[in-house]
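The primary structure of each chain is shown beneath.
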Amino acid sequence: MSTGRQHTVAIVDVYAPSVRLARAFADAGHKVIRVQSTVNVPRVYKPGLDESLLREIFGGNIIHDADVSATLDSLSEFSPDAVIAGGECGVELADLLSETLALPTNGTAHSEARRNKFNQVEVLRAAGLRATRQIFVESSEHVRSWHNALGGRVVIKPLRSAGNDGVQFCDDPDESMRAFEAIRDAENIFSVRNEGVVAQEYLVGTEFVVNTVSCESQHRVTDVWRYTKMSANGVADRVSAAVSVPPDHSRYDALTAYAFAVLDALGIQFGPAHLEIMDTAEGPCLVEIGARISGADTAYYAMLAGGESQIEWTIEAYTDPMRFKARSQTPHEVHNHVAMVFLTSPRQGVLRGYPLLAHVEALESFHNQIQIVKPGQPIAVTISDTTEPMMIGLAHPGPSVLERDLLTVHYLDGHGFYDIEMGTA
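All residue numbers refer to position in the chain's written sequence, counted from 1. At least 70 in pLDDT is required for a residue's local features to be given in this predicted model, at least 80 for side-chain atom pairs to be given and counted, and no such filter applies to totals for whole chains, interfaces and linings, which use all residues. Only hydrogens and water are set aside; all other atoms, that is, all heavy atoms of the structure, feed into the side-chain values.

## Brief notes about the domain arrangement of the chain
Stage number 1. Where each domain begins and ends is defined by an automated method or by a domain database. Annotation of the chain at the domain level lists domain 1 (8-105), domain 2 (133-201) and domain 3 (205-421).
Stage number 2. Measuring from the centre of the C-alpha atoms in domain 1 to the corresponding centre in domain 2 gives 32 Å.

This is how it looks when you write it as structure tokens:
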């Protein structure tokens, strides 16, 4: 592809996390076609779905109904220059369409492993990379026996899905058995019955996010984040914040080198990827990867921190690869230290208000707040990233100011932060 002309880009599964990407392509003068990988919208995306907004962006809409030939015929009418995955459930279809149409592609050889949490780890192990110990669970007794032999805490999770959907931390074999039985037949956040369950060793360390964009196997790190975690509401290790990590951080080089090796092992040659990596005593180890942009509007906060994000690098990767490769080795800059703070409701009912929000807004590093649950709406006990009531954005040139304010938000975020009429959420 060459720059200076309008490109036609098909994005598979544009929902809330990837609307910003679609809009950015359109704002840059390119034609955007939406492809839905499923006839029905997955339930996780329904609350934030705004079809009127989406109609402003797209020059066409194709609904895939399990007939690949029909979808290819419909898509070919638009003569696309690229097919990109917008969301997790669109990865495999985007790989198939782009490969079949001979467009820039990650191909289908490792496509399934880019979604399958068990297989992606085995691909890394085969490539000689540090990889977690795990099993694909065949039965209740299988996981019970494996946990008993391994000892310690283990993680039980669906074979697919995303975020922390269905993820359970289990301290004894009986817990693991119950977790397997709860997950195996459940419907995941993408409205699909779970296809299997994975049991993995519990990795001890600090968890980081490394977000990247690739172009012809040349990789660019756009932003790195460190998770802070808490145990609350009966949930262990719930992510309570993501804090930006500057390039001079002591673990930055090791994390990014490992991330690039993971991308190569999984055949990610084009487009964005979102890697969650545990930095253990033995070195970085993949938790999981998504071959798509990071969610939670991370791109906005990445721009706030370092003036770049997966959004503009993805556009450049597909519309001006020569410029991408020329710029991809330039040093990353730090403008601000940034944190995305994910609040934790301790009760359910109907929200009347946030009495302590003014104290948060008065903090020196306060940048913005996004109310996911507004006064008058039902509020649930926060046990996952789909039940968070609010997100607070913090930004400041000084890391010590940011750290102080982050801890202050965590201090304020408790029972007193919520005025709730008790009842059923």
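Next, the rest of the story.
## What about the nonpolar core?
Stage number 1. In this structure, L124, V262, L275 and I289 are the most contacted members of the largest nonpolar core, which totals 40 residues.
Stage number 2. It is helix α8 (residues 252-265) that contributes the most residues to this core, seven residues altogether.
Stage number 3. Residues from two domains meet in this core; each of domain 1 (8-105) and domain 3 (205-421) gives at least three.
Stage number 4. When sequence neighbours within four positions are dropped, the list of residues in contact with L275 reads F208, V209, V210, N211, T212, A259, V262, L263, L286, E288 and I289.
Stage number 5. Working definition of a nonpolar core: buried Ala, Val, Leu, Ile, Met, Phe, Trp, Tyr and Cys residues. They are joined through side-chain atoms within 4.5 Å. Each residue is assigned to one of three classes by its accessible area relative to the maximum for its type, calculated with a 1.4 Å probe on protein chains only: buried under 20%, partly exposed between the two thresholds, exposed over 50%. Counting residues in each nonpolar core, the second largest holds 24 residues, with I84, F270, I293 and W313 among its members. Comment: elements are numbered from the N terminus, with helices defined as DSSP H or I runs of at least four residues and strands as E runs of at least two. Contacts are assigned to residue pairs with any non-hydrogen atoms lying within 4.5 Å of each other.

## With respect to the environment of G267
Stage number 1. Tracing the sequence through the fold places G267 in the loop between α8 and β12 (271-280).
Stage number 2. With 58 residues separating them in the primary sequence, G267 and V209 have C-alpha atoms 19 Å apart.

## Brief notes about the side chain of H30
Stage number 1. Note that H30 resides in the loop between α1 (19-27) and β2 (31-36).
Stage number 2. On the basis of relative accessible area, H30 is assigned to the buried category, the value being 11%.
Stage number 3. A polar contact of 3.0 Å, which involves the side chain of H30, links it to the backbone nitrogen of H7.
Stage number 4. With residues near it in sequence (within four places) discarded, H30 still touches R5, Q6, H7, F25, I315 and T319. As used in this structure description, the phrase polar contact means that two N or O atoms lie within 3.5 Å; if the pair is within protein, one of them must be able to donate a hydrogen and the other to accept it, and residues adjacent in sequence are counted only when both atoms belong to side chains.

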